Amino acid sequence: MTIQEITLEKLNPQEFIAQQVEAISTAVGDGLAINALSGGVDSSTVTLLAHKALGKRLLTVFVENGIMRKGEPQRIVERFKALGVPVQLIDARADFFAALKGLADPEEKREAITQTFYKTVFGELVRESGAKYLLHGTILTDVDETVAGIKRQHNILTQLGIDTEEVYGYQVIEPLLQLRKPAVRAVAKALGLSEEVYNRMPFPGPALAARVIGEVTPERTEIVREATAIVEEELADTGAFQYLAILHQDKVTGMRDDKRDYGHQIEVRCWESEDARTGSPTRLPFDTLERLADRITSEVPGVVSVTYSITKKPPSTIEAI
Ligand code: XMP
């Protein structure tokens, strides 16, 4: 089945909102739907569309999977509370780290996250709440890359022929399926979300696990979480499309206080891109790169090396896994 794209040029945001609110309302009827908010522009947009359509018949949850950015779960819950949308914070850290234990292969890690999310966490939520529908922020680019076999986006199910009703016990509704990022931002803006949300930098579904090469443990996630916070702070004014920190699997020899210090390597990436399908590295000033290296090596315990990626996408991808 080909999905008909609604380009930014063709999009009438208000009309789109009215149509989707109506469609969600019709699909869910007088039942209950669950929606997973991650705080990104896609899931924030779906949350508001579904809230408009369903009001109290919508249960919005934020799944704390242990691989989110620093302070993110609490920040997002507060932001939506201020918009009048109650969000339940679900602590599923133990489930996710148990599923990721011992895995180093990128696709196996993505699959473990997908299963934990849809089967373990949502399966239970659905059983407990009696909801029959899960609302999803899948966009067209996610579908393209998964179907093309480039990388399995963790939110793609039906397009891969997975019958969610049969496998997980609920149906999936995907209101943003015909849009790419620029159009989603326009809808988010029209819904009244703040610029901080509609212009938010993309963040991957598998969260920081997409930036940990090798096994994703709580300790290794903490290293990349701290490095990410520094990168986001230092590069906030660059206007770049996306910037991130990656933790490498191999350790390297370094030195500290005249002693050998065998430690971690962090790779920084900063991208210029329109829609994430292609990208090129931002020509950051050398002073900025030096500041990043100084801060990451002094503030993140155990890091002895910081590198900057100068590779385009393709052949690189934006994230590491
Ligand atoms: P890649 O690494 O494939 O990333 O060049 C392209 C864009 O998509 C984001 N990304 C994801 N987004 N689920 C998402 O919702 C995912 O599984 C996922 N993987 C990557 C990435 O951050 C970039 O903006």
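Each chain has its residues counted from 1, running along the sequence as written. For this predicted model, a pLDDT threshold of at least 70 governs which residues receive local features, and a threshold of 80 or more governs which side-chain atom pairs are given and counted, while totals over whole chains, interfaces and linings are taken from all residues. Hydrogen atoms and water are omitted, and side-chain values are computed over all heavy atoms in the structure.

1. A look at the packing of aromatic side chains
To describe a pair of aromatic rings, you give the distance between the ring centres and the angle between the ring planes.
Then step 1. Between rings of Phe, Tyr and Trp, where Trp is taken as its six-membered ring, a pair exists when centres lie within 6.5 Å; planes separated by under 30 degrees are stacked, by over 60 edge-to-face, and by other angles tilted. Inspection of the entire model under this criterion finds four aromatic pairs.
Then step 2. Plain terms: the ring middles of phenylalanine 117 and tyrosine 118 are 5.0 Å apart, the flat faces sit at 75° to each other, and that makes the pair edge-to-face.
Then step 3. Only protein chains enter the area calculation, which uses a 1.4 Å probe; residues under 20% of their type maximum are buried, those over 50% are exposed, and those in between are partly exposed. Given the relative accessible area of 12%, phenylalanine 117 is considered buried.
Then step 4. We classify tyrosine 118 as buried; its relative accessible area is 1%.

2. Observations regarding the packing of helix α1 (residues 13-28) against helix α2 (residues 41-54)
Then step 1. To define axes, lines are fitted to C-alpha atoms, for helices over the stretch in contact only, and angles between the resulting N-to-C directions are given on a 0 to 180 degree scale. Secondary structure elements are taken from DSSP: a helix is a run of H or I of four residues or more, a strand is a run of E of two residues or more, and numbering for both begins at the N terminus. Two numbers describe how α1 lies on α2: the axes approach to 8 Å, and their chain directions differ by 60°. Classified by the angle between their axes, α1 and α2 sit oblique to one another. Our pair here, α1 against α2, has a crossing hand that is right-handed. Two secondary-structure elements touch here, α1 through Ile17, Gln20, Val21, Ile24, Ser25 and Val28 and α2 through Leu49, Ala50, Lys52, Ala53 and Leu54. Small angles under 35 degrees read as roughly parallel and large ones over 145 as roughly antiparallel, with 65 to 115 read as roughly perpendicular and the rest as oblique. Crossing handedness is defined as follows: a turn of the near helix away from the far one that is anticlockwise and smaller than a right angle gives a left-handed crossing, while the clockwise case is right-handed. Here, residues are in contact when the closest pair of their heavy atoms is within 4.5 Å.

3. Section: the domain arrangement of the protein
Then step 1. Each domain span listed reflects an automatic or database assignment of domains. Considered domain by domain, the protein is made up of domain 1 (13-198) and domain 2 (212-308).
Then step 2. Relative to domain 2, the C-alpha centre of domain 1 lies at a distance of 28 Å.
Then step 3. In this complex, domain 1 contributes 16 residues to the contact, which on the side of domain 2 involves 18 residues.
Then step 4. Summing the contributions of domain 1 and of domain 2, the shared interface buries around 1200 Å²; its carbon and sulfur component is 55%.
Then step 5. As a working definition, buried area equals the accessible area (1.4 Å probe) given up by two parts on being put together, with both sides summed. Taken as a group, Lys70, Phe97 and Lys109 account for 34% of the area that domain 1 buries against domain 2, more than any other trio of residues on that side.
Then step 6. Salt bridge, as applied in this entry: a Lys or Arg side-chain nitrogen positioned within 4 Å of an Asp or Glu carboxyl oxygen. Taken together, domain 1 and domain 2 are joined by two salt bridges.
Then step 7. Any N or O atom pair separated by 3.5 Å or less is treated as a polar contact, with the protein-specific requirement of one donor-capable and one acceptor-capable atom, and with residues adjacent in sequence counted only for side-chain atom pairs. The tally of links from domain 1 across to domain 2 stands at seven residue pairs in polar contact (both at pLDDT 80 or more).
Then step 8. Listed by contribution, the elements that provide at least two residues to the side of domain 1 that touches domain 2 are α4 (93-100) and α6 (140-147).
Then step 9. Each residue gets one label: Ala, Val, Leu, Ile, Met, Phe, Trp, Tyr, Cys and Pro are nonpolar, Asp, Glu, Lys and Arg are charged, and the others, such as Gly, are polar. Classifying every residue of the side of domain 1 that touches domain 2 gives six nonpolar, three polar and seven charged.

4. Some points on the environment of alanine 320
Then step 1. Looking at the secondary structure, you find alanine 320 in the segment after β10 (303-308).
Then step 2. Relative accessible area serves as the criterion here: at 25%, alanine 320 is assigned to the partly exposed category.

5. Observations concerning the nonpolar core
Then step 1. Only buried Ala, Val, Leu, Ile, Met, Phe, Trp, Tyr and Cys residues count toward a nonpolar core, and they belong to the same one when joined by side-chain atoms within 4.5 Å. Of all hydrophobic cores here, the largest spans 90 residues; its most connected members are Ile34, Phe122, Leu135, Leu179, Ile266 and Ile296.
Then step 2. Sorting elements by how many residues they give to this core places helix α5 (residues 106-129) first, with eight residues.
Then step 3. When residues of this core are assigned to domains, at least three fall in each of domain 1 (13-198) and domain 2 (212-308).
Then step 4. Counting residues in each nonpolar core, the second largest holds six residues, with Phe241, Leu244, Ile246 and Ala276 among its members.

6. What about α1?
Then step 1. For a helix, the expected span equals 1.5 Å multiplied by the residue count minus one. Taking 1.5 Å of rise per residue, the 16 residues of α1 would be expected to cover 22 Å, and the 22 Å separating its terminal C-alpha atoms lies within 8% of that figure.
Then step 2. Every buried residue of α1 is listed here: Phe16, Ile17, Gln20, Val21, Ile24 and Val28. Looking straight down α1, one finds that the buried residues subtend no more than 130° of arc, so they occupy a single side. Along α1, the residues that are exposed and aim more than 90 degrees away from the buried face are Glu22 and Thr26.
Then step 3. Glycine 29 sits one or two residues past α1 and shows a positive phi near 60°. It is the directions from the helix axis to the C-beta atoms whose arc is reported.

7. A look at unusual backbone geometry
Then step 1. In this structure, the amide linkage connecting lysine 313 to the following residue, proline 314, adopts the cis form with an omega of -15°.
Then step 2. Examined against the element boundaries, proline 314 turns out to sit in the segment after β10.
Then step 3. The omega torsion across proline 314 and proline 315 is 10°, close enough to zero to call that bond cis.
Then step 4. Mapped onto the fold, proline 315 is located in the segment after β10.
Then step 5. Non-glycine residue aspartate 257 carries a positive phi angle of around 50°.
Then step 6. Even without glycine at this site, aspartate 258 takes up a positive phi of about 60°.
Then step 7. With respect to the element layout, aspartate 258 can be found in the loop between β7 (252-256) and β8 (259-272).

8. Digging into the pairing of β8
Then step 1. The buried fraction of β8 is high, at ten of 14 residues.
Then step 2. At least two DSSP bridges between two strands are needed for those strands to be called paired. When strand β6 (residues 242-247) meets β8, the two strands line up antiparallel, connected through six bridges. Directly across from glutamine 242, in β8, lies its bridge partner tryptophan 271.
Then step 3. Note: β7 against β8, five bridges, orientation antiparallel. Directly across from valine 252, in β8, lies its bridge partner glycine 263.
Then step 4. Hairpin connection, β7 to β8: the antiparallel pair is bridged by two residues, and aspartate 257 has positive phi, about 50°.
Then step 5. Note: β8 against β10, five bridges, orientation parallel. Paired with isoleucine 266 across the bridge in β10 is valine 306.
Then step 6. With two bridges connecting them, β8 and strand β9 (residues 280-281) associate as antiparallel partners. Residue pairing for β9: glutamate 272 is matched across the bridge by serine 280.

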